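Report on the structure
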Amino acid sequence: MTDSADTPSFRLAYVPGVTPAKWARIWAERLPDTRLVLLQTSPAEAAGLLREGAADAAFVRLPVDRTVFSAIPLYTETTVVVVPKDHVITAAEEITLDDLADEVVLHPLDDVIGWEQPPGEPAFERPATTEDAIDLVAAGIGVLVVPQSLARLHHRRDLTYRTLVDAPQSEVALSWPQDVTTDLVEDFIGIVRGRTVNSTRGRAQQTPAAEQKKDERRKPQQSGAPRRGTAAGARGRGGGTKGGGGTKSGGGTKGGGSRRGAGGGKPRRRS
């Protein structure tokens, strides 16, 4: 009981159609001491879980209330129409919204497409859920437009789907409350963005130390450069000294110049 209370955890909610298995596996590998708690929720309840603090983050479909939540878009879903296997639409691999003009298109109350105006003919009433709408499609009442992930989630042997090439699309995002961006949220952001172990938030915490090491590496180079320049200058002056016959004559600019001028008659006579 004590162990359970003391064990840190990260609560991740996700809406139907989203599969968090890949990210959960990476979390377990990178943070084995922090338990990942997965909470499946409906689209309508996801925001409430985050507001109430019942979940630390959630996979949701956009849009979200940006005055309350932060969100990182992850991917855009393909939109499909679910039909009976013997429906005329199945003759084509891809269809357009115009192909649905004469069809009864079911529009469930939990619809995630966000139509300005749904295509086709409306049903007499809207089904309560996508799952209910799937049952109506199987009964021959109409067809259903959903993200491909939901079509797969509610797969039935007597139904199939085709891609709608010009339909609105659903976008999946990771979302969390703006005022509760915890260290664990940052860790999960790194995972969903595909960062490696060395490029996650932990590395950001080590940045000052890393910068200090860089500075230490730079200092010898910076202090060494002048020394090399000085040595080169010394060698240059040394060369001049040998040619001029003495350090004193090569060292003083004014004096050396006047002495060279005074004793430089021979080169002028050769020319």
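Residues numbered from 1 in each chain as written. Predicted model: local features only at pLDDT ≥ 70, side-chain atom pairs only at ≥ 80, totals over all residues. Heavy atoms only, no water.

Focus on the overall build of the chain
Helix and strand content of the chain: 11 helices and 11 strands. With 271 residues in all, the chain has 34% of them scored as buried. Sequence-distant contacts in the chain: of pairs separated by 6 or more residues, those separated by 24 or more amount to 71%. Of the accessible surface of the chain, which amounts to about 16,800 Å², a share of 50% is contributed by carbon and sulfur atoms. (Helix = DSSP H or I, 4+ residues; strand = E, 2+ residues; numbered from the N terminus. Buried < 20%, exposed > 50% of the residue type's maximum accessible area, 1.4 Å probe, protein only. Contact = heavy atoms within 4.5 Å. Areas by Shrake-Rupley, 256 points an atom, 1.4 Å probe, with all protein chains shown as cover.)

As for the packing of aromatic side chains
Applying the stated rule across the entire model yields five aromatic pairs. On the basis of an interplanar angle of 55° and a centroid distance of 5.8 Å, the ring pair of Phe59 and Phe188 is categorised as tilted. Placement of Phe59 in strand E3 (residues 57-61) and of Phe188 in helix H6 (residues 183-192) is noted, with a sequence separation of 129 residues between them. One exposure class covers both Phe59 and Phe188, and it is buried. Through a chain of ring-to-ring contacts, the aromatic side chains of Phe10, Trp23, Trp27, Phe59 and Phe188 assemble into a single cluster. (Phe/Tyr/Trp six-rings, centres within 6.5 Å; stacked < 30°, edge-to-face > 60°.)

Notes on the pattern of salt bridges
Counted under the stated rule, the structure contains five salt bridges. Residue Arg51 is joined to Asp65 by a salt bridge in which the shortest nitrogen-to-oxygen separation is 4.0 Å. Of the two residues, Arg51 sits in helix H3 (residues 43-52) while Asp65 sits in the loop between E3 and strand E4 (69-76), which places them 14 residues apart along the sequence. Given the relative accessible area of 32%, Asp65 is considered partly exposed. Each of the salt bridges in this network shares a partner with another, and the network as a whole consists of Asp135, Arg156 and Asp158. (Salt bridge = Lys/Arg side-chain N within 4 Å of Asp/Glu carboxyl O.)

A few points about the pairing of strand E2 (residues 35-40)
In this structure, strand E1 (residues 9-14) lies alongside E2, joined through six bridges in parallel fashion. Opposite Ala13, over in E2, you have Leu39 as the bridge partner. Between E1 and its parallel partner E2, the chain crosses via helix H2 (residues 21-30), and the hand of that crossover is right-handed. (Pairing = 2+ DSSP bridges. Right-handed = clockwise from strand over helix to strand, strands pointing away.)

A look at the sheet that holds E2
Within a beta sheet, neighbouring strands are joined by backbone hydrogen bonds and run either parallel or antiparallel to one another. Here we have five strands laid out as an open sheet, ordered E2-E1-E3-E11-E4, and mixed in their pairing. A strand with exactly one partner marks an edge of an open sheet, and here the two such strands are E2 and E4. Across the sheet, the mean angle from the axis of one strand to that of its neighbour is 20°, orientation sign disregarded. Both E4 and strand E11 (residues 171-177) contribute to a ladder of seven bridges, which runs antiparallel. Bridging across to E11, Thr76 finds its partner in Glu171. (Axes fitted to C-alpha atoms, helices over the stretch in contact; angles between N-to-C directions.)

Some words on the side chain of Asp56
With respect to the helices and strands, the residue Asp56 is situated in the loop between H3 and E3. You can call Asp56 buried: its relative accessible area is 18%. Reaching out from Asp56, the side chain makes a polar contact with the backbone nitrogen of Arg11 at a distance of 2.7 Å. With residues up to four places along the chain from it excluded, the contact list for Asp56 reads Ser9, Phe10, Arg11, Leu50, Trp176, Pro177 and Val185. (Polar contact = N/O pair within 3.5 Å; in protein donor to acceptor, adjacent residues only side chain to side chain.)

Some words on the nonpolar core
The nonpolar side chains of soluble globular proteins are, as a tendency, buried together. Residues Phe10, Leu12, Trp27, Phe59, Leu174, Trp176 and Phe188 are the most contacted members of the largest nonpolar core, which totals 29 residues. Contributions of two or more residues to this core are made by E1, H2, H3, E3, E4, E11 and H6. Take this core: its biggest share by element is five residues, from H6. Ignoring anything within four residues of it in the chain, the contact list for Phe59 reads Leu12, Ala13, Tyr14, Val15, Val18, Pro20, Trp23, Leu74, Ala173, Leu174, Phe188 and Val192. (Core = buried A, V, L, I, M, F, W, Y, C linked by side-chain atoms within 4.5 Å.)

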